Each structure stands twice: as structure tokens, then as C-alpha cells.
Amino acid sequence: MFGLEKPAGQQKLGGSGGFPSMASVGDFNVLSSSIPATKVELSVSCRNLLDRDTFSKSDPICVLYTQAIGNKEWREFGRTEVIDNTLNPDFVRKFIMDYFFEERENLRFDFYDVDSKSPNLSKHDFLGQMFCTLGEIVGSQGSRLEKPIVGIPGKKCGTVIVTAEELGCCRDSVLMQFCANKLDKKDFFGKSDPFLVFHRSNEDGSFTICHKTEVVKNTLNPVWQAFKISVRALCNGDYDRTIKVEVYDWDRDGSHDFIGEFTTSYRELSRGQSQFNVYEVINPKKKGKKKKYINSGTVTLLSFLIETEVSFLDYIKGGTQINFTVAIDFTASNGNPSQPTSLHYMNPYQLNAYGMALKAVGEIIQDYDSDKMFPALGFGARLPPDGRVSHEFALNGNPQNPYCHGIEGVMEAYYRSLKSVQLYGPTNFAPVINHVARYAASVKDGSQYFVLLIITDGVISDMAQTKESIVNASKLPMSIIIVGVGPAEFDAMEELDGDVVRISSRGKFAERDIVQFVPFRDYIDRSGNHVLSMARLAKDVLAEIPDQFLSYMRVRGIKPSPAPPPYTPPIHVLQTQI
């Protein structure tokens with residue numbers, strides 16, 4: 001298939017010999033960054049294309065381009081086949097792409113009428129193009145996007161229909177159990193304390209650690225507990241990719257002794273318990289030195305069970321909407337908006353930090369909200385005409401209807417508010433969190449999920465109330481993103497994030513982690529390339545949302561709604577390759 005793999009982030013492990021401290025050996029958790037994104041398959045159909053051939057109909061081909069984040073350069077990703085003599089092609093060849101919720105992937109579909117065997121596109125007639133994001137396709141109802149083809153002035157170029165389908169292998173997990181027999185004795189006084197380490201191979205031949213079993217003490221014939229791992233983590237969905245398994249003897253000081261290793265693949269393991277899944281554990285050093293060396297023991301697969309997980313995309317495809325709300329800090333500590341030193345400074349040539357953070361996160365989330373209407377709130381300002389202080393006011397000045405159209409509408413309302421309200425204080429988060437929680441509490445059936453983006457300059461005044469609001473909100477279908485702008489210390493925000501210690505209020509702990517905090521200053525690109533730095537900001541704040549979303553749905557036992565019936569276009573048989 002087409003497509004360039006994005007390199008999976010490498011797992012970095014401290015400690016000796018590439019292992020973390022062995023206290024964590026049993027509960028080792030793969031960092032999510034080392035697991036590639038899910039893969040989606042894009043199918044393309046067109047209706048009523050331009051007819052460029054005099055005596056017959058056009059012979060269309062579709063060429064897909066993706067855009068690099070930094071330099072905005074378009075690169076060809078792949079081509080479909082050519083279909084002869086039709087203005088309504090349903091292309092058979094698919095595009096398979098990596099999908100990350102937290103990244104904005106710009107796409108361009110170009111259409112040509114093929115007139116010769118030449119692969120050079122300039123030799124063929126251009127039929128128009130369509131621009132969209134991968135999120136727009138996935139976020140459309142039934143993950144089916146229909147848009148007009150544009151690009152030839154004064155002509156109707158027809159429509160294109162792009163459908164996204166998540167690839168099945170990405171959502172399978174396997175439950176496996178192993179035992180070993182007659183492993184080498186490594187300890188002077190007792191028997192060995194063996195554990196297994198699993199690695200998947202990468203495209204370049206290197207290996208990435210993906211699972212570690214618990215240690216079974218003082219035995220040469222261990223039976224390890226069954227463990228569950230996603231097929232993506234185990235082999236990136238490639239059933240024939242090498243999986244390397246190493247056997248170690250655990251030592252308290254972290255200098256674990258290597259017993260031996262073997263290789264296998266998902267396809268081999270999927271045969272289940274059989275003579276094919278008994279592996280000789282080989283120690284290459286010993287094998288090289290000793291002529292009579294046979295092996296260092298054997299490892300046997302006891303069971304192999306495939307489970308299909310429901311995914312974030314199943315819910316989106318089934319119609320779950322993500323509702324995005326913005327809350328902006330209008331406290332006096334931000335500085336006078338008319339001064340260049342202010343965090344709210346309205347520079348005619350460049351977005352301020354508030355504007356940049358809002359745009360970076362909003363432009364990605366808006367693809368998952370069908371009506372593109374976003375409530376935008378402010379807190380910590382004195383409002384006209386009477387100067388009362390408010391901690392949840394509508395940026396558009398309409399408390400009955402605080403919705404703005406699109407991210408651009410939110411930006412306009414933000415700039416208008418700066419001109420009409422007086423920055424004041426204190427910095428209270430609880431009112432805006434409770435505002436969104438009221439909406440979230442009214443739809444707990446899985447049809448909607450709420451994301452609140454709070455942008456603030458920092459020092460929070462109502463810590464106790466905010467903690468209580470977050471603990472209560474953790475039972476609701478919502479997540480909170482906090483972006484801290486400016487030079488303040490953000491210790492309190494780190495506490496709200498709850499990554500290290502789960503947040504609690506009055507002895508009650510949050511049901512799940514729903515807050516993600518990042519300081520904006522960590523993303524300011526010294527070279528002035530804001531495009532890349534804002535893409536990194538969006539990636540970091542949004543990366544946790546799909547898991548937070550799934551944890552809510554699982555705890556509540558909410559299954560995805562069935563997707564609307566797929567679009568089945570009429571079949572055209574004639575095809576030629578280019």
C-alpha cells in the first residue's frame with residue numbers, strides 16, 4: 001500500500017542495561033508515544049467530473065498530497081489506479097494513513113484525466129482538486145466527507161466523496177501466557193529469577209521494547225501471568241514483523257543476567273498452543289564458545305486470545321460529538337492590553353500568546369464538532385456598564401447565547417472583549433468548570449463529550465473550589481486543558497494536572513484524570529517558527545483526550561452507536577494502471 005510510516009517515538013529507559021529500576025518490572029507500561037497511531041484507509045469516489053475528452057469520457061486518476069507542518073510543502077502521498085471512460089469513478093486503490101487525533105494532517109486530492117502512459121502529471125489534463133484535513137473526514141457523519149471539487153475558474157468540477165475506515169488490526173489486543181522449562185541457572189545460591197522482555201522490530205532493523213513480564217522468583221521452570229498487549233504495540237499491525245523475546249535473570253542491583261533469546265512473529269504466535277510455539281532459548285555467546293551447546297532452556301506459549309477493543313474512532317463514527325468551550329483569563333496580572341508587555345497585547349502583525357494557544361488547539365478540535373459553534377467565556381474582569389466582576393461572562397456579550405462561529409468567531413469575540421471590559425481579578429477557575437459541567441451532566445449517554453480549554457496567566461485564587469469542581473467533573477463526559485501563559489510559577493497547575501498524584505477534594509479522589517496542563521513558554525520557538533511550535537503544543541495538550549474519552553465510556557459501559565450505513569457506490573469495472 002501507499003504511505004510513509006511516521007517513525008514511532010522511541011522508548012527511553014533509564015537504569016543499567018537499558019532497564020528501568022526493577023521495582024517497576026511487573027507494572028512496566030509502554031509510553032503511549034512509542035505506539036504508532038491507528039491507521040485509517042481512505043476510499044475516494046467522484047461524481048460529475050469535468051469531461052476533457054472529445055470523443056469519450058475522461059479517464060480519471062486521483063493523486064493525494066500531504067503537507068509538511070513546518071514549511072507547508074505539499075508532498076505526493078500516493079495515486080489511485082486510472083479508471084477509463086467515466087465521470088463517476090469509484091477508485092479501488094485505497095490510501096492507508098497514520099491517524100493521530102492530536103495532529104492536524106492537511107490533505108489535498110488532485111484529479112487528472114489521463115491521456116497517456118506518462119507518470120508525469122503535467123502531461124495530463126487537470127480536473128480540479130479538494131482540500132481538507134484528515135480530522136475533517138474522520139469527524140464527518142459516518143466518517144464520510146462530501147465536498148465540491150474546485151480549482152478551475154468558472155466551471156463546475158463535480159464532487160468528491162472520501163470515506164475513512166479504521167483498519168481492524170489496529171484495535172486488536174492479544175492475551176498471551178508463557179511458561180519456560182530448564183532455563184540456565186544463573187544464581188550462585190538459588191535458582192534463577194526469570195522474566196521476559198518483548199521487543200518489536202522497527203523499519204530500520206532496530207528494536208523497541210514493548211512489554212516486560214513480572215519476575216518469577218527462584219525457579220528454572222517459571223509460569224508467567226497472562227498479559228494483554230495491543231497488536232499495534234506488539235508488531236505495529238504487521239503480522240510478519242520480527243518479535244524478539246529476551247529471557248533475563250533478575251538481580252536486585254539492576255545488573256540482570258542475560259539467559260538467552262528467541263524470535264517469533266505475530267503470525268507464528270497466533271497459531272496458539274502447538275509444537276510451533278515452543279522456542280529454544282539461545283545465548284549466542286555460549287553457542288559460539290561451546291561445541292556441545294544445545295540451548296539455555298525452552299519457552300512455551302500456553303495461550304493466545306485475540307480481543308477487539310472499541311476505539312475512539314468507533315464513537316466518532318457512531319456520531320458522538322466533541323463540544324469545545326474556551327475560557328480566557330481577563331485578570332489584571334496579564335498587564336494593560338494596550339502595552340506591548342501585556343500578555344493580552346493586541347499586536348496588529350502577530351497573535352499574542354492567548355490567540356496562538358486558542359488557534360492551535362481549536363483548529364484541531366473543530367473538526368469533531370459538526371455545527372462549529374463554540375461557547376467562549378471570560379473570567380476575572382469588570383463588565384460594562386456597572387463594573388461588576390464576573391468569573392463566567394460571554395465573550396460575545398450575549399449571556400443567553402455565548403456561542404461563536406468557528407475558531408475565527410472566538411478570536412473576534414476575544415478581541416472585542418479586550419476593548420470593552422476592564423481587567424481585574426481574582427483568578428477563579430471553578431465558575432467556568434462548573435459552567436461546562438452543567439452541560440456535561442445533562443448528556444451522559446455518550447452522544448456528546450465536552451472539552452474545556454482554559455488559558456490563564458497563572459496564579460489561581462480559588463484552589464479548593466477548583467479541586468472540588470474537578471473531582472465532581474471527573475464523573476462527567478468532559479476533559480479540561482489548561483495552557484499557562486507568561487512567566488509565572490505554575491506549581492498549582494501541575495497539582496491540578498494529577499499525573500503524579502491523583503487530585504482530591506475533601507477526602508474524595510477524582511474518578512479519572514481529566515486535566516492536562518502545559519506551560520506555553522515551553523513551546524515558544526526561539527527561531528520564530530510559530531507554526532511548528534504551535535503544532536507541538538496542540539499535540540501535547542490533545543494527546544490524552546482520546547484515552548480520557550475512552551475511560552469515561554468504559555466506566556459507564558457506553559458502547560459506540562452503530563455507524564450510519566456505508567455509502568455503496570455503483571461498481572465500474574474498466575480499469576487501467578498508470
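Residues numbered from 1 in each chain as written. Predicted model: local features only at pLDDT ≥ 70, side-chain atom pairs only at ≥ 80, totals over all residues. Heavy atoms only, no water.

## Side note on the overall build of the protein chain
So, point 1. Within the protein chain, the secondary structure is distributed over 12 helices and 28 strands.
So, point 2. Here the C-alpha coordinates of the protein chain stretch approximately 90 × 80 × 45 Å along the principal axes.
So, point 3. Taking all 578 residues of the protein chain together, 54% fall into the buried category.
So, point 4. Here the protein chain displays about 26,600 Å² of accessible surface, and carbon together with sulfur accounts for 53% of that area.
So, point 5. Across the protein chain, the centroid of the 63 positively charged side chains sits 3 Å from that of the 69 negatively charged ones. (Helix = DSSP H or I, 4+ residues; strand = E, 2+ residues; numbered from the N terminus. Buried < 20%, exposed > 50% of the residue type's maximum accessible area, 1.4 Å probe, protein only. Areas by Shrake-Rupley, 256 points an atom, 1.4 Å probe, with all protein chains shown as cover. Lys, Arg positive; Asp, Glu negative; His and termini not counted. Charge placed at Lys NZ, Arg CZ, Asp CG, Glu CD.)

## Examining unusual backbone geometry
So, point 1. Look at the link from Pro 384 to Pro 385: it is a cis peptide, with omega at 0°.
So, point 2. In the segment running from Gly 425 into Pro 426, the intervening peptide bond is cis, with an omega of -5°.
So, point 3. Here Pro 426 shows up in the loop between strand E23 (422-423) and helix H8 (430-442).
So, point 4. Phi at Asn 48 takes a positive value of approximately 60°, unusual for a residue other than glycine.
So, point 5. In this structure, Asn 48 sits in the loop between strand E1 (38-47) and strand E2 (60-67).
So, point 6. Judged by its relative accessible area of 55%, Asn 48 falls in the exposed class.
So, point 7. The phi dihedral of Lys 182 falls on the positive side, at around 50°, and the residue is not glycine.
So, point 8. Along the chain, the position of Lys 182 falls in the loop between strand E9 (172-181) and strand E10 (194-201).

## Regarding the packing of aromatic side chains
For any pair of aromatic rings, the description rests on two quantities: the centre-to-centre distance and the angle between the ring planes.
So, point 1. A full pass over the atoms with the stated rule returns 23 aromatic pairs.
So, point 2. Seen from their ring centres, Phe 101 and Tyr 368 are 5.0 Å apart, and the 55° between their planes marks the pair as tilted. Residue Phe 101 is found in the loop between strand E4 (95-99) and strand E5 (106-113), and its partner Tyr 368 is found in the loop between helix H6 (353-365) and strand E18 (373-379); the two are separated by 267 residues along the sequence.
So, point 3. For Tyr 368, a relative accessible area of 3% puts it in the buried group.
So, point 4. Put simply, the rings of Phe 101, Phe 312, Tyr 315, Tyr 368, Tyr 449 and Phe 549 touch in pairs and so form one group of aromatic residues.
So, point 5. In this structure, Arg 108 is placed above the aromatic ring of Tyr 65, and the distance from its NZ or CZ to the ring centre is 4.0 Å. (Phe/Tyr/Trp six-rings, centres within 6.5 Å; stacked < 30°, edge-to-face > 60°. Lys NZ or Arg CZ within 6 Å of the ring centre and 35° of its normal.)

## Details of the sheet that holds E23
So, point 1. Pairing is antiparallel across the open sheet formed by 3 strands, whose spatial order is E20-E19-E23. With partners counted over all chains shown, the strands left at the sheet margins are strand E20 (388-390) and E23, one partner each.
So, point 2. Note that strand E19 (residues 381-383) and E20 share 3 bridges and pair antiparallel. Pairing of Arg 382 across the sheet is with Val 389, part of E20. (Pairing = 2+ DSSP bridges.)

## Description of the confidence of the model for the protein chain
So, point 1. When pLDDT is averaged along the protein chain, the result is 87, and 90% of the positions lie at 70 or above.
So, point 2. Contacts of residues 1-36 to residues separated by more than four positions or lying in other chains number 72 contacts, the stretch itself having pLDDT below 50.
So, point 3. Under a pLDDT of 50 for its full length, residues 573-578 has, in the predicted model, 19 contacts with residues more than four places off or in other chains. (pLDDT = per-residue confidence, 0-100. Contact = heavy atoms within 4.5 Å.)

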